[in-house]
Amino acid sequence: MNILVTGGAGFIGSHTLIELYKAGHTAVVADNFSNSNPESLRRVAGIIGIPEVPFSHVDIRDREGLEKIFAAHRFDACIHFAGLKAVGESVEKPWEYYENNIGGTLTLLDVMRRHGCKNIIFSSSATVYGDPAEIPITERCPKGRCTNPYGWTKSMIEQVLTDLQKADAEWNVILLRYFNPVGAHPSGRIGENPGGIPNNLMPYITQVAVGKRKELGVFGNDYPTPDGTGVRDYIHVCDLAAGHVAALQAIGRRCGVGVYNMGTGHGYSVLDMVKAFVRVNGVDVPYSIKPRRAGDIATCYCNPTKAKAELGWEARRSIDDMVRDSWNWQRHNPDGYPE
Ligand code: NAD
Ligand code: WQD
């Protein structure tokens, strides 16, 4: 299939491009590089062994820009990663998040349908479950109250896509609810490249390990979890990338609306992650206990059996693979991609 990949220069998009080409698909990337760098696409091309990944420097809110891409290519489906994703920033700048994520998606969907491309895989998030009603979380678990505007954009876009498909059965919509993506391609050539102070645990750990930050703050050790620190379902980004290829096959079978958790089904605490990182990589990660972070929940991990049963996909890589590959990327690229 030929796939439009919005946000393809970003962390998850760049890894997914590799899995797409490996599976015999081709892709065109649409990215405004607001949180990424074209260097990631050059490196992806090198890993795949092609001269370049076709891309357009375009904002998905730019209707004319999208029209030009659709005029030049025929797409079988879109994998829609493009969006702003910083939880804390979304509380400070809610309008910017709703406008970019929801506004951009509405424009994208309109251009897609005008060109007869009605197959979409959307990057949703475990955050739509809010404080989950059950653990492990299945897809039957009701969606909850999000604690921030970023989460609401995911929840609302899920609703938009579901309603669109209900009204027009030509649409095929797959909502992939990612848990906590970490790791990097084993080559160490591409990985997560956060600007400024990392919000997420793994890039914070790797930046402490490489000497860019003094110590990790562990946000709370009084949660009702085995060691008191928050428990999450970390998933290797290469496994997650493969999940998108599996989802494309379901789209080919005309699936209607499909909702899938993308996690391993295992919960690891903050200190589990730190200890695994130190053990596997032999580097020190100083940390100290800090107060809980507002909006955090104690435990979040999924039941991933629906994706296995219906998509034939499951995560294969271990926590050791995750911490090894995250470190391999960071130590070879201490400052991320060159500007
Ligand atoms: P990322 O920031 O690395 O990638 C997102 C890409 O979208 C970037 O390249 C950015 O430049 C681009 N982009 C943003 N707004 C755009 C716009 N208006 N037009 C064109 N391009 C635009 O993030 P990621 O970690 O790769 O996440 C990809 C998707 O998965 C996002 O939608 C994110 O919300 C979602 N997600 C991420 C996580 C996570 O922990 N990383 C978890 C759940 C869901
Ligand atoms: C993991 C654990 C923290 C940083 C977020 C979004 C979610 C999804 C994934 C996009 C928690 C603890 C963290 C630090 C810490 N993103 N922690 N010190 O909060 O599970 O999920 O990213 O959709 O929507 O909310 O991930 O990596 O921020 O935190 O102790 O410096 O690590 O408290 O227990 P989270 P995270």
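These remarks concern the structure in this document. The model shown is predicted, which means the values in this text are computed figures rather than measured ones. (Residues numbered from 1 in each chain as written. Chains lettered and ligands numbered in written order. Predicted model: local features only at pLDDT ≥ 70, side-chain atom pairs only at ≥ 80, totals over all residues. Heavy atoms only, no water.)

## Side note on the packing of aromatic side chains
All told, the structure shown has 5 aromatic pairs when counted by the stated rule. For the pair F70 and F75, a centre-to-centre distance of 5.2 Å together with 75 degrees between the ring planes defines the contact as edge-to-face. Taking the relative accessible area as the measure of exposure, F75 reaches 6% and is therefore buried. Residues Y129 and F179 carry aromatic rings whose centres are separated by 6.5 Å and whose planes lie at 35 degrees to one another, so their mutual orientation is tilted. Of this pair, Y129 sits in the loop between β5 (119–125) and α6 (149–167) while F179 sits in the loop between β6 (172–178) and β7 (180–182), placing them 50 residues apart in sequence. (Phe/Tyr/Trp six-rings, centres within 6.5 Å; stacked < 30°, edge-to-face > 60°. Buried < 20%, exposed > 50% of the residue type's maximum accessible area, 1.4 Å probe, protein only. Helix = DSSP H or I, 4+ residues; strand = E, 2+ residues; numbered from the N terminus.)

## Concerning helix α7 (residues 201–209)
In terms of residue burial, α7 counts as a mostly covered element, since 8 of its 9 residues are buried. Buried within α7 we find L201, M202, P203, I205, T206, Q207, V208 and A209. Against the buried residues of α7 lie β7, β8 (216–219), β10 (234–236), α9 (270–281) and α11 (319–332). (Contact = heavy atoms within 4.5 Å.)

## Details of the environment of L84
Topologically, L84 is positioned in the loop between β4 (77–80) and α4 (87–92). For the pair L84 and T153, spaced 69 residues apart in sequence, the C-alpha separation works out to 9.7 Å.

## Side note on the pattern of salt bridges
Opposite charge on two side chains permits them to pair, given that their charged atoms come into close proximity. As enumerated under the stated definition, the model contains 24 salt bridges in all. The salt bridge partner of D335 is K212, with a shortest N-O separation of 3.5 Å. Residue D335 is found in the segment after α11, and its partner K212 is found in the loop between α7 and β8; the two are separated by 123 residues along the sequence. Overlapping salt bridges, with partners in common, bring together E39, R42 and R43 in one network. (Salt bridge = Lys/Arg side-chain N within 4 Å of Asp/Glu carboxyl O.)

## Remarks on the sheet that holds strand β2 (residues 26–31)
Strand order in the open sheet formed by 7 strands is β3-β2-β1-β4-β5-β6-β11, and the pairing between neighbours is parallel. The two strands at the open ends of the sheet, each matched to only one other strand, are β3 (55–57) and β11 (257–262). For this sheet, the mean inter-axis angle between neighbouring strands, taken without regard to orientation, is 20 degrees. Pairing between β4 and β5: 3 bridges, direction parallel. (Pairing = 2+ DSSP bridges. Axes fitted to C-alpha atoms, helices over the stretch in contact; angles between N-to-C directions.)

## Notes on the site of ligand 1
The full set close to ligand 1 counts 27 residues, and D31, N35, S36, F81 and Y150 are the nearest of them. At a separation of 2.6 Å, an oxygen atom of ligand 1 approaches a polar side-chain atom of D31. Side-chain polar atom of S36 to an oxygen atom of ligand 1: 2.7 Å apart, as the coordinates give it. Coverage of ligand 1 by the protein chains reaches 96% of its 810 Å² of free accessible surface. Mapped onto the shell around ligand 1, the elements with two or more residues apiece are α1 (11–22), β5 and α6. Element by element, the count of residues in the shell around ligand 1 is highest for β5, at 3 residues. (Near = heavy atom within 4 Å. Polar contact = N/O pair within 3.5 Å; in protein donor to acceptor, adjacent residues only side chain to side chain. Areas by Shrake-Rupley, 256 points an atom, 1.4 Å probe, with all protein chains shown as cover.)

## Some remarks on the layout of surface pockets
One number sums up the size of the second largest pocket: a volume of about 350 Å³. Lining of the second largest pocket is provided by 26 residues; of these, E192, N193, P194, G195 and G336 occupy positions nearest its centre. At the level of secondary structure, the elements contributing two or more residues to the lining of the second largest pocket comprise α7 and α11. With 4 residues, α7 is the single largest residue contributor to the lining of the second largest pocket. Of the residues assigned to the lining of the second largest pocket, the class counts are 7 nonpolar, 14 polar and 5 charged. (1 Å grid on protein atoms, 1.4 Å probe; cavity = no way out; pocket = protein on both sides within 12 Å on 5 of 7 lines; lining within 4 Å. Points joined across faces, edges and corners; volume = space filled by probe spheres on them. Nonpolar A, V, L, I, M, F, W, Y, C, P; charged D, E, K, R; others polar.)

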